[in-house]
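Structural overview
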Amino acid sequence: MDNPAQRTAGRTLDHAAGLYDILSPMVTLGREPRMHRNVVALLEPGSGCRVLDVGCATGALTTRIARTCAPLGGEVVGIDAAAKMIEAARRKHGQEPNLSFEAVLAEELPYEDGSFDRVVSTFFFHHVNRELKERALAEMHRVLRPEGRAVVVDVDVPTHWFGRLCAWSGYLLFRQPEIRENIEGVLRTAFDHSAFASWRQVAHQLGYVSTFVLERE
Ligand SMILES: C[S@@+](CC[C@H](N)C(=O)[O-])C[C@H]1O[C@@H](n2cnc3c(N)ncnc32)[C@H](O)[C@@H]1O
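Here's a quick rundown of the structure. Worth saying up front: this structure is predicted, and the values here are computed from it rather than measured. (Residues numbered from 1 in each chain as written. Predicted model: local features only at pLDDT ≥ 70, side-chain atom pairs only at ≥ 80, totals over all residues. Heavy atoms only, no water.)

1. Comments concerning the overall build of the chain
Note the cut-off: Note on conventions: DSSP H or I runs of at least 4 residues are helices, E runs of at least 2 residues are strands, and numbering of each starts at the N terminus. Radius of gyration: C-alpha atoms only; globule rule: 2.2 Å multiplied by the number of residues to the exponent 0.38. Partly exposed describes any residue whose relative accessible area lies between the buried limit of under 20% and the exposed limit of over 50%, with all areas from a 1.4 Å probe on protein chains only and scaled to the type maximum. For this analysis, residues touch if any pair of their heavy atoms sits within 4.5 Å. Reported accessibility uses the Shrake-Rupley method at a 1.4 Å probe radius. Residues are deemed covered only where the shown protein chains occlude them. His is not counted here, nor are the chain ends, while Lys and Arg score as positive and Asp and Glu score as negative. Think of each charge as sitting on NZ of Lys, CZ of Arg, CG of Asp or CD of Glu.
When helices and strands are counted, the chain shows eight helices and seven strands. Taken against the 2.2 N^0.38 rule, which gives 17 Å for 217 residues, the C-alpha radius of gyration of the chain at 16 Å falls within 12% of a compact globule. Over its C-alpha atoms, taken along the principal directions, the chain stretches across nearly 45 × 40 × 35 Å. Per-residue burial for the chain yields a buried fraction of 55% across its 217 residues. Considering only contacts within the chain whose residues lie at least 6 apart along the sequence, 75% involve residues at least 24 apart. In the form shown here, the chain has an accessible surface area of approximately 9900 Å², with 53% of it arising from carbon and sulfur atoms. Of the side chains in the chain, 25 bear a positive and 28 a negative charge, and the two mean positions are spaced by 6 Å.

2. Side note on the sheet that holds strand β7 (residues 209–215)
Heads up, the rule is: Note on pairing: two strands pair once DSSP finds at least 2 bridges between them. Helix axes are fitted to C-alpha atoms over the stretch in contact, other axes to C-alpha atoms as well, and angles between N-to-C directions run from 0 to 180 degrees.
One open sheet holds the seven strands; their spatial order is β3-β2-β1-β4-β5-β7-β6, and the pairing between them is mixed. A strand with exactly one partner marks an edge of an open sheet, and here the two such strands are β3 (99–103) and β6 (198–205). Strand-to-strand, the axes of this sheet are offset by a mean angle of 15°, without reference to chain direction. With respect to the sheet, helix α3 (residues 60–69) is in contact with β1 (50–54), β2 (75–80), β3 and β4 (116–122), its orientation differing from that of β2 by roughly 170°.

3. Brief notes about the state of the cysteines
Should the sulfur atoms of two cysteines be covalently bonded, the bond is a disulfide. Stated precisely, the cut-off is as follows: Pairs of cysteine sulfur atoms within 2.5 Å are identified as disulfides in what follows.
On inspection of all chains with the given rule, the structure shows zero disulfides. In this structure C49 is a free cysteine whose sulfur lies 5.2 Å from that of C69, the closest cysteine sulfur available. For C56, which is in no disulfide, the shortest distance to another cysteine sulfur is to C69 and amounts to 15 Å.

4. A few points about the pairing of β6
In the sheet, β6 pairs with β7 via seven bridges, with the strands oriented antiparallel. From the neighbouring strand, H204 faces β7, where its bridge partner is S210.

5. Concerning the site of the ligand
Test applied: Being near a molecule or strand, for a residue, comes down to having at least one heavy atom within 4 Å of it. Under the rule applied, a polar contact is a pair of N or O atoms within 3.5 Å (in protein, one hydrogen donor and one hydrogen acceptor; residues adjacent in sequence only if both atoms are side-chain atoms).
Around the ligand, 23 residues are found, and the nearest of them are Y20, G55, D80, E107 and T122. Within the backbone of L13, an N or O atom sits 3.1 Å from an oxygen atom of the ligand. The contact in question runs from an oxygen atom of the ligand to an N or O atom on the side chain of D80, over 2.7 Å. For the ligand, the protein covers 96% of the area, taking 600 Å² as the surface of the free molecule.

6. Describing the pairing of β7
Regular strands place their side chains on alternate faces of the sheet. Where burial is concerned, most of β7 is hidden: seven out of the seven residues are buried. In β7, alternate side chains face the same way, and those of V209, T211, V213 and E215 on one face and S210, F212 and L214 on the other are all buried. Of the strand pairs in this sheet, strand β5 (residues 144–155) and β7 are connected by seven bridges, and their pairing is antiparallel. Following the sheet pairing, V155 is matched in β7 by V209. Between the end of β6 and the start of β7, which pair antiparallel, lie three residues, with L206 showing a positive phi angle near 60°.

7. Here's the deal with the pattern of salt bridges
How we decide: The salt bridge definition used is simple: a Lys or Arg side-chain nitrogen within 4 Å of an Asp or Glu carboxyl oxygen.
Evaluation of the coordinates by the stated rule reveals 17 salt bridges. For the salt bridge of E102 with R90, the shortest nitrogen-to-oxygen distance reads 3.7 Å. Placement of E102 in strand β3 and of R90 in helix α4 (residues 83–93) is noted, with a sequence separation of twelve residues between them. Classification of R90 as partly exposed rests on a relative accessible area of 37%. For R180, the salt bridge identified is with E184, shortest N-O distance 2.9 Å. One network of salt bridges, in which partners are shared, links E44, R149, R200 and E215.

Next up, the structure:
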């Protein structure tokens, strides 16, 4: 399989594909199921809804969305730059009839303009630098239909001591400047610079993780 991870400055996770499903719930301190439920509720998928999950890793959230959309005749596509993540996602969830996974880059989505009703991205933006944050947002906007909606969950500006502790520990542990950017509000600035008609913060957890809804005009 072609590995687009070799063509991006994003921090891809091929090396973590085998352990991701064990490590990921730890990072969110067991809040993952609740976060996923909230994201699905915010997506409000309607009849025949097409949803794109950007930076889907092994596809846990993608699959939850697909199961919600199945009775509505909806379809879900999960993309990730790391080919090994996509292989793991297909192995685990490939049997869902309305779900597919593709190894592609968030900053070069190979989909037609306006081809999705909803786009979602959880914990992807702290893996890409400022330029890629803006390019990925531009692509998310392009592939959304008019009046479509994006839901983004990610590391954000911390609001209290525990959030500061978690966010800065993450930055120091992974030595990832992209996490620092989010802590300093760069993701919010990227939303301001994007073509989305509006964005708003709708939830904040653990003092450093925010959920945003972005609306296309
Ligand atoms: C922390 S994981 C988030 C996974 C999942 N959405 C979740 O909430 O558990 C971030 C993912 O972004 C992917 N990634 C990094 N740069 C990317 C890019 N330029 N395009 C697409 N995916 C990228 C990584 O390979 C990784 O699987």
